[in-house]
Amino acid sequence: MPAIQGGYLCSSMDNVLYNIRNGDIASFKTAYQLYHEKLYFYVIKHTQSSYLAEETVQLTFIKIWENRSGLAPDVELSQQLFRVAKSLMIDLLRKEGRRLGPLTGITEQTAEFVVGETDLSKKETLRQVYDTIEQMAPVRRTVFKLSRLDGRTHKEIAEQLSISPKTVENHIGRALRQLKDTLTLLFF
């Protein structure tokens, strides 16, 4: 339900951003729960490295928390998270390229190439992700879509589908494993 802050009608994500800016750790944890997997898959798609993906996601959230007072109140939190993640990912790729040397193929040019991937490749990957979601068992697919696409909480989904929150959690975990397996096959 929207809230009113400073005379403005705010969505729940606006509330989360507002609360993070004011140092609310619970809102920060909410943002982490909502976005850490999305950021992870974004980075792993571009780097094909689980280490770099994990490192980038952790550094992104650290940077967001440390600079929370500087978050733009009029820019969506997701945009700010992905912008920071992209910047950190490029920095990490460059550092990795310098550390491993030019023979490894991870250079500044590689980092720019990976980030500047063709739209066709992105569309193909997205199509395969959506196909994987559509092939899930009906309840798992519904739970996953309500959680990840509609942004509903486990409790809200459980109430809507008349199942327990633990069952929701199990369906989401299995759906994510299924997607991870599909994405792993795409990259290797």
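Above this text is the structure in question.
A.B. asks: In this structure, what is going on with the overall build of the protein? I would like to understand it.
C.D. replies: Each helix and strand in the protein was counted, giving 9 helices and 2 strands. Counted from the first residue to the last, the protein has its helices and strands arranged as β-β-α-α-α-α-α-α-α-α-α. A buried classification covers 35% of the 188 residues belonging to the protein. Of the contacts formed within the protein by residues at least 6 apart in sequence, a portion of 59% connects residues at least 24 apart. Put simply, the protein shows about 11,600 Å² of open surface, and 55% of that area lies on carbon and sulfur atoms.

A.B. asks: For this particular structure, what's the right way to read the packing of aromatic side chains?
C.D. replies: Between two aromatic rings, the relevant description is the distance of the centres plus the angle of the planes. Summed over all chains, the structure comprises 5 aromatic pairs. Summarising the aromatic geometry, the rings of Tyr32 and Phe61 are spaced 4.8 Å apart at their centres and angled 65° between planes, so their arrangement reads as edge-to-face. With Tyr32 in helix H2 (residues 25–47) and Phe61 in helix H3 (residues 50–66), this residue pair connects regions lying 29 residues apart in the sequence. Ring pairing ties together the aromatic residues Phe28, Tyr32, Phe61 and Trp65, which thus form one cluster. Here Arg68 stacks its cationic end above the ring of Trp65, 4.0 Å away from the centre of that ring.

A.B. asks: Explanation requested: the environment of Val143 in the structure shown.
C.D. replies: Structurally, Val143 is set in helix H7 (residues 138–149). Distance in space between the C-alpha atoms of Val143 and Glu169 is 9.0 Å, their sequence separation being 26 residues.

A.B. asks: Explain the nonpolar core here, please?
C.D. replies: Judged by nonpolar contacts, the single largest core of 24 residues is most densely connected at Ile20, Tyr35, Leu39, Phe61, Ile64, Leu77 and Leu81. Secondary structure elements with two or more residues in this core: helix H1 (12–21), H2, H3 and helix H4 (77–100). If one sorts the elements of this core by residue count, H4 sits on top with 8 residues. Non-local contacts of Ile20, meaning those with residues more than four positions away in its chain, are made with Ser27, Phe28, Ala31, Trp65, Arg68, Leu71 and Leu77. Residues Val129, Val143, Phe144 and Ala175 belong to the second largest nonpolar core, which totals 14 residues.

A.B. asks: Please explain the side chain of Thr60 as it appears in this structure.
C.D. replies: Along the chain, Thr60 falls in helix H3. Classification of Thr60 as buried rests on a relative accessible area of 0%. A polar atom in the side chain of Thr60 sits 2.7 Å from the backbone oxygen of Thr56.

A.B. asks: Even after reading the chapter, I still don't get the pattern of salt bridges, so can you show me in this structure?
C.D. replies: Where side chains of opposite charge bring their charged atoms close, a pairing between them can arise. For the structure shown, the criterion picks out 4 salt bridges. As a salt-bridge pair, Lys166 and Glu169 come within 3.6 Å of each other at their nearest N and O atoms. Pair noted here: Lys166 and Glu169 are both in helix H9 (residues 165–187), with a separation of 3 residues, about one helical turn. Among the ionic contacts, a cluster of salt bridges with common partners joins Glu134, Arg141 and Lys145.

A.B. asks: How should a nonpolar patch on the surface be read in this particular structure?
C.D. replies: Together, Leu126, Tyr130 and Leu149 make up an exposed nonpolar region whose accessible area comes to about 310 Å². By the secondary structure assignment, Tyr130 is in helix H6 (residues 119–134). Residue Tyr130 is classed as partly exposed on the basis of its relative accessible area of 44%.

A.B. asks: Can you walk me through the side chain of Gln80 in this structure?
C.D. replies: With respect to the helices, strands and loops of the structure, Gln80 is situated in helix H4. Looking at Gln80, its side chain comes within polar contact range of the main-chain oxygen of Val75, at 2.7 Å. Excluding anything up to four places from it in sequence, Gln80 contacts Leu17, Ile64, Leu71, Ala72 and Val75.

Cut-offs and rules
- All residue numbers here refer to positions counted from 1 along the written sequence of the relevant chain.
- In view of the model being predicted, local features appear only for residues whose pLDDT reaches at least 70, and side-chain atom pairs are presented and counted only at 80 or more, with totals across whole chains, interfaces and linings using the full set of residues.
- Water and hydrogen atoms play no part in the side-chain values, which are based on all heavy atoms of the structure.
- The numbering of helices and of strands both runs from the N terminus, where a helix is a DSSP run of H or I of at least 4 residues and a strand a run of E of at least 2.
- Burial classes: relative accessible area under 20% of the type maximum marks a residue as buried, over 50% as exposed, and values in between as partly exposed (1.4 Å probe, protein chains only).
- Any two residues having at least one pair of non-hydrogen atoms within 4.5 Å are treated as being in contact.
- Exposure was quantified through the Shrake-Rupley algorithm and a 1.4 Å probe, taking into account, for residues, occlusion by the shown protein chains and nothing else.
- Planes of paired rings set the category: under 30 degrees apart is stacked, over 60 is edge-to-face and the rest tilted, where pairs are Phe, Tyr or Trp rings (Trp by its six-membered ring) whose centres lie within 6.5 Å.
- Only Lys NZ and Arg CZ are tested; either one counts as a charge over a ring when it is within 6 Å of the ring centre and within 35 degrees of the ring normal.
- For our purposes a nonpolar core is just a set of buried Ala, Val, Leu, Ile, Met, Phe, Trp, Tyr and Cys residues, chained together by side-chain atoms within 4.5 Å.
- Between N or O atoms, a polar contact is any pair within 3.5 Å; within protein, one atom must be a potential hydrogen donor and the other a potential acceptor, and residues adjacent in sequence are included only when both atoms are from side chains.
- Take a side-chain nitrogen of Lys or Arg and a carboxyl oxygen of Asp or Glu: if they are within 4 Å of each other, that pair is a salt bridge.
- Patch membership is restricted to residues that have no salt bridge and whose relative accessible area is over 30%. Joining uses 9 Å for like charges and 5 Å for the nonpolar side chains Val, Leu, Ile, Met, Phe, Trp and Tyr.

None of this, on its own, says anything about what the molecule does.
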